[in-house]
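These are the residues of each chain, in order.
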Amino acid sequence: ELKVEQNPLFLSMQEGKNYTIYCNYSTTSDRLYWYRQDPGKSLESLFVLLSNGAVKQEGRLMASLDTKARLSTLHITAAVHDLSATYFCAVDVLSGSARQLTFGSGTQLTVLP
Amino acid sequence: DTGVSQNPRHKITKRGQNVTFRCDPISEHNRLYWYRQTLGQGPEFLTYFQNEAQLEKSRLLSDRFSAERPKGSFSTLEIQRTEQGDSAMYLCASSRDGYEKLFFGSGTQLSVL
């Protein structure tokens, strides 16, 4: 059974600081997603990482994928309050005829002034 | 592209009642997914449709759950004889063939009293 583990589960950080969220998964996959979810809202796709060594950046967020280590990271640079949300990584595996996403438990990020 | 629409947004029901949720995917998306999310957890895969065919069902989907997608457009998820453990956010997502990024709806929050 595929397991996806994120850490930390809760993160409070001050504005302007840097931090990294980690996502480990237990089976081979070459496709990993990062999503953001605000309270009571839908999941918003942030990044799709499709191959080993992939790195994508959008604003203050940068995501990377190491398929050999089965590890993805989401790095936050100079955090701002607007980044407060829950961040999920999800691993994409083919099961039968469907590609299914298995999500981590999420990292609840709070950026403090 | 109006996004994935789900209704109702909230549903409160008594244990033992039946409930039905609706999902309207992004038009021309022929893949439709249902996920369930409980508090503090990532979404868990329930079932998948390609056009009108239900191709995958999770072990989480007991006999009390049924999903349909007539004509390959909107989908409904019905839960019969609801139990308190069914309380969760039910999320619908859609994607286009060959373009695997999932777009999620805002979900239906079910509370079983």
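Every residue gets a number counted from 1 within its own chain, in the order that chain's sequence is written. Note on labels: chains are lettered from A, ligands numbered from 1, in written order. It should be noted that, the model being predicted, local features are given only for residues of pLDDT at least 70 and side-chain atom pairs only at 80 or more, the latter also being counted only at that level, while totals for whole chains, interfaces and linings use all residues. Only heavy atoms go into the side-chain values, all of them from the structure, while hydrogens and water stay out.

### Topic: unusual backbone geometry
- Looking along the chain, the bond that leaves Asn 7 of chain A and enters Pro 8 of chain A is cis, with omega of 0°.
- Numbering of helices and strands starts at the N terminus; helices are DSSP runs of H or I of at least 4 residues and strands are runs of E of at least 2. Counting through the fold element by element, Pro 8 of chain A comes out in the loop between strand S1 (4-7) and strand S2 (10-14).
- Geometrically, the link from Asn 7 of chain B to Pro 8 of chain B is a cis peptide bond, its omega value of 0° lying close to zero.
- Positive phi is not limited to glycine here, since Ala 78 of chain A has a value of about 50°.
- Positionally, Ala 78 of chain A belongs in the loop between strand S8 (71-76) and strand S9 (85-95).
- Looking at Ala 78 of chain A, the relative accessible area reads 24%, which means it is partly exposed. A 1.4 Å probe rolled over the protein chains alone gives each residue an accessible area, and that area as a share of the maximum for its type sets the label: buried under 20%, exposed over 50%, partly exposed in between.

### Some words on the state of the cysteines
- Criterion for a disulfide: a pair of cysteine sulfur atoms at a distance within 2.5 Å. On inspection of all chains with the given rule, the structure shows two disulfides over all chains.
- Each sulfur in the disulfide pair Cys 23 of chain A and Cys 89 of chain A lies 2.0 Å from the other. Around the S-S axis, the bridge from Cys 23 of chain A to Cys 89 of chain A shows a dihedral of about 80° and counts as right-handed. With Cys 23 of chain A in strand S3 (residues 19-25) and Cys 89 of chain A in strand S9, this pair connects stretches of sequence that are 66 residues apart.
- With a sulfur-sulfur separation of 1.9 Å, Cys 23 of chain B is cross-linked through a disulfide to Cys 92 of chain B. What sets the handedness of the Cys 23 of chain B and Cys 92 of chain B disulfide is the S-S torsion sign, and at about -65° it is left-handed. With Cys 23 of chain B in strand S3 (residues 19-24) and Cys 92 of chain B in strand S9 (residues 88-96), this pair connects stretches of sequence that are 69 residues apart. Accessibility classification places Cys 23 of chain B together with Cys 92 of chain B in one group, the buried group.

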